[in-house]
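Fold and contact review
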Amino acid sequence: METIDTRFVSECTTYDFKRELDRKKKNSWLKSVSAFANTNGGSLYFGVDNDGQVIGLADVQSDTEFISEAINAYLDPIPVFSINPQKGINGKIFLDLNVAAGRQTPYYVNTDGRKMAYIRSGNESIPATSHQLFNLVLKGSNMSWDSLVTTVERSKHTFTFLEREFNERSGGRWEESLLESFGLVTGDGFLTNAGLLFADACPIKQSRVYCTRWAGLDKGDTINDAEFYGNILMNLRDCKAFIKANTAVPWFKLPDYRLNLPEYSERSIEEMCVNHLIHRDYTELGAEVAINIYDDRIETTSPGGIKESSDLERVDPSATVSYRRNPVIAEVFSQLKYMEKRGSGLRKIIEATSILPTYKEDRKPFFRSSRSFFFTTILNVNYGMDRAALESFADSRRPEPEYRPEDEIIISKTYPDSSGVTQKDYPENHSITQIDYPETSRVERKAICKTAQAIVDLLVSDSRLTRADLAKRIGKTEDTVKHHLKVLQIKGIIQRIGSDRSGYWKVLLKR
């Protein structure tokens, strides 16, 4: 409770001022009790005027008894509350009615024959909408929308896409029993809402995603657009594909390899899409996830914010508590290794973007939220750099040639008949060098092979890919990937930062 002289700072989300206790118009302050209990708790200060001036109460004991009796008589259920007399700096006594955030929501006020539930919005207590009331009922029942059981039978739907994703990403093998373990199907064979979202032919229309590539920096002319709805995993795949098709990856030739300068990090894009698909409010009918691509940024919006105010506020990822609006959906995505259980998606978006070659601090992604919507903005790290500027950037990173025996690759793939040895006698991942054939004199410095280049391309855009991830993406064995990673490290093209488990790969750019 902050004061300046004898004044509170201002009314806000967590407390309200009442000059006096209005005994005739009880609803004028009981609605705030309901709102605090239905939201995040708060205090009502009786004896404080609208300007925050402590003016005190004439009969503190009588007012305390009346407040307690009114709450017990007109609130259903009765929230946890306490009433404490406080002394202002000026010596005047006021009452602090503190209401705890409730677990049995919704908390109704029943006065004048009307039963109403209220929520806190900024510094106001307002009636809950039907949508908000539904969510309060879910909260009070300790349930979530995605866990609600439908009347749709398991036998009516297939899950081949989920099965394929699980087999490819989880490291395990799909079994029918996993549907029940994940909370997608009940023991008696009915799908939950989450089950419908993961079904191949998902019938839930509010899973819709709108993607638009705009010409310029605002919503004017469109270059491309698409609409996706249905299976949530298919939506993720299609959203990533749309963004990839509508963003650029310029590249430049360096002595040993090709340097990609992507506008956006592949990992950041995936984290953004996953975050909005998982945590969106699916109870909000008529709203959808919207991905808008502009010349300088990508903005993604989804229904369901994390702030209590109707105004947009900046979100600090380091200070934001992870909250799973749809825990069943989140658990499946976690099993598929699309997200971590500890909820670090926002930080990952920032970290993955910061590793891009042309990143500068003013290109840091940011997040905003209101009570109704959540916004993610990822900035184009190449914006403001034309082709000549990008080429100059790449040219400034061309290293001076450095002699290394392992760089001397024999040009010919077939050697003199007298040797009887060809490239096929060696494993695909083995580079035959001058050291292997000292008698051969035709040697030169050679660019890295296609497999190594593919690895570099992937690591520039997503530095946290594992050996297993890389092997799947390029269609090679993990041993082959391990070999090329080692060669790339020896050549000074990549470097491992941090541990094998939690670190990442950095493509080195020599100045």
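As the structure is a prediction and not an experimental result, all values here were calculated from the model.

Turning to the side chain of E299, a few remarks are in order. Along the chain, the position of E299 falls in strand β18 (residues 297-303). There is a polar contact of 3.0 Å between the side chain of E299 and the side chain of R297. Leave out the neighbours within four places in its chain, and E299 touches A290, I291, N292, Y294, R368, T376 and T377.

Turning to the pairing of strand β17 (residues 289-293), a few remarks are in order. The two faces of the sheet receive side chains in turn, since in a regular strand these alternate between them. For β17, a buried count of 5 out of 5 residues is recorded, marking the element as mostly surrounded by other parts of the structure. On β17, burial covers both faces: V289, I291 and I293 on one face and A290 and N292 on the other are all buried. Relative to β17, strand β13 (residues 209-214) is paired through 5 bridges, and the arrangement is parallel. Residue pairing across strands places C211 opposite I291, the latter belonging to β17. Pairing of β17 with β18, which is carried by 4 bridges, proceeds in the antiparallel orientation. Bridging across to β18, I291 finds its partner in T300.

Let's shift gears to the sheet that holds strand β4 (residues 42-46). In sheet architecture, strand pairing relies on hydrogen bonds along the backbone and comes in two forms, parallel and antiparallel. Spatial ordering of the open sheet is given by β3-β4-β7-β6, a layout of 4 strands whose pairing is mixed. The strands lining the two open edges of the sheet, one partner per strand, are β3 (15-18) and β6 (81-87). Pairwise comparison of adjacent strand axes, ignoring direction, gives a mean angle of 20° for this sheet. Judged from the 5 bridges that link them, β4 and strand β7 (residues 93-99) form a sheet pairing that is antiparallel.

It is worth spelling out the pattern of salt bridges at this point. Per the stated rule, a full pass over the model turns up 16 salt bridges. A salt bridge links R154 to E176; the nearest nitrogen and oxygen atoms lie 3.0 Å apart. Here E176 lies in the loop between α4 (160-169) and α5 (178-181) and R154 lies in the loop between β11 (149-153) and α4, a separation of 22 residues in the sequence. The exposure class assigned to E176 is partly exposed, which follows from its relative accessible area of 47%. Across the pair D238 and R237 runs a salt bridge whose closest N-O atoms are separated by 3.0 Å. The partly exposed category is assigned to R237, whose relative accessible area is 42%. The network of salt bridges with common partners includes D296, R297, E299 and R368.

Moving on to the confidence of the model for the protein chain. Summary statistics for the protein chain give a mean pLDDT of 85 and a share of 86% for residues scoring 70 or more. Note that residues 406-444 has pLDDT below 50 and, in this model, 56 contacts with residues that lie over four places away or in other chains.

Along the chain, T358 turns up in the loop between α10 (345-354) and β20 (366-369). A residue is classified by how much of its surface remains accessible, and T358, at 5% relative accessible area, is buried. Separated by 2.5 Å, the side chains of T358 and N382 make a polar contact.

Next up on the list: the sheet that holds β13. Strand order across the open sheet formed by 7 strands is β14-β13-β17-β18-β21-β20-β19, with mixed pairing between neighbours. Here the strands that pair on one side only, and so sit at the sheet edges, are β14 (222-228) and β19 (313-314). Against the sheet, α10 engages β20 and β21 (373-379), with an angle of about 10° to β21.

Between helix α1 (residues 27-38) and helix α2 (residues 60-74), whose axes approach to 11 Å, the crossing angle comes to 65°. Considered as vectors, α1 and α2 are oriented roughly perpendicular to each other. The hand of the α1/α2 crossing is right-handed. Contacts between α1 and α2 involve W29, L30 and V33 from the first element and F66, I67, A70, I71 and Y74 from the second.

In this structure, P77 follows D76 across a cis peptide bond, with omega equal to -10°. With respect to the element layout, P77 can be found in the loop between β5 (75-76) and β6. Here T105 and P106 are connected by a cis peptide whose omega angle stands at 0°. Counting through the fold element by element, P106 comes out in the loop between β7 and β8 (108-111). Positive phi is not limited to glycine here, since N142 has a value of about 55°. Relative to the helices and strands, N142 is located in the loop between α3 (130-140) and β11. In this structure N142 comes out as exposed when scored by relative accessible area, which is 73%. The phi dihedral of K337 falls on the positive side, at around 65°, and the residue is not glycine.

Every α-helix winds through 3.6 residues per turn, so residues three or four apart in the chain are directed the same way. Within the sequence span of α3, burial applies to H131, Q132, L136 and L138. Down the axis of α3, the buried set is contained in an arc of 160°. They therefore lie on one face. A positive backbone phi angle near 55° is found at N142, which sits one or two residues after α3.

This paragraph deals with the state of the cysteines. Enumeration according to the criterion identifies 0 disulfides in this entry. Left without a disulfide partner, C211 is nearest to the cysteine sulfur of C239, which lies 4.1 Å away.

On to the nonpolar core, then. L162, L184, F198, I291 and F333 are the most contacted members of the largest nonpolar core, which has 56 residues in total. Excluding its chain neighbours within four sequence positions, the residues that come into contact with F333 are F198, I232, L233, L236, V274, I278, Y338 and M339. L470, V481, I494 and V507 belong to the second-largest nonpolar core, a separate cluster that totals 25 residues.

Cut-offs used in this document
Residues numbered from 1 in each chain as written. Predicted model: local features only at pLDDT ≥ 70, side-chain atom pairs only at ≥ 80, totals over all residues. Heavy atoms only, no water. Helix = DSSP H or I, 4+ residues; strand = E, 2+ residues; numbered from the N terminus. Polar contact = N/O pair within 3.5 Å; in protein donor to acceptor, adjacent residues only side chain to side chain. Contact = heavy atoms within 4.5 Å. Buried < 20%, exposed > 50% of the residue type's maximum accessible area, 1.4 Å probe, protein only. Pairing = 2+ DSSP bridges. Axes fitted to C-alpha atoms, helices over the stretch in contact; angles between N-to-C directions. Salt bridge = Lys/Arg side-chain N within 4 Å of Asp/Glu carboxyl O. pLDDT = per-residue confidence, 0-100. Parallel < 35°, antiparallel > 145°, perpendicular 65-115°, else oblique. Left-handed = near helix turned anticlockwise from the far one by under 90°. Arc of directions from axis to C-beta. Disulfide = S-S within 2.5 Å. Core = buried A, V, L, I, M, F, W, Y, C linked by side-chain atoms within 4.5 Å.

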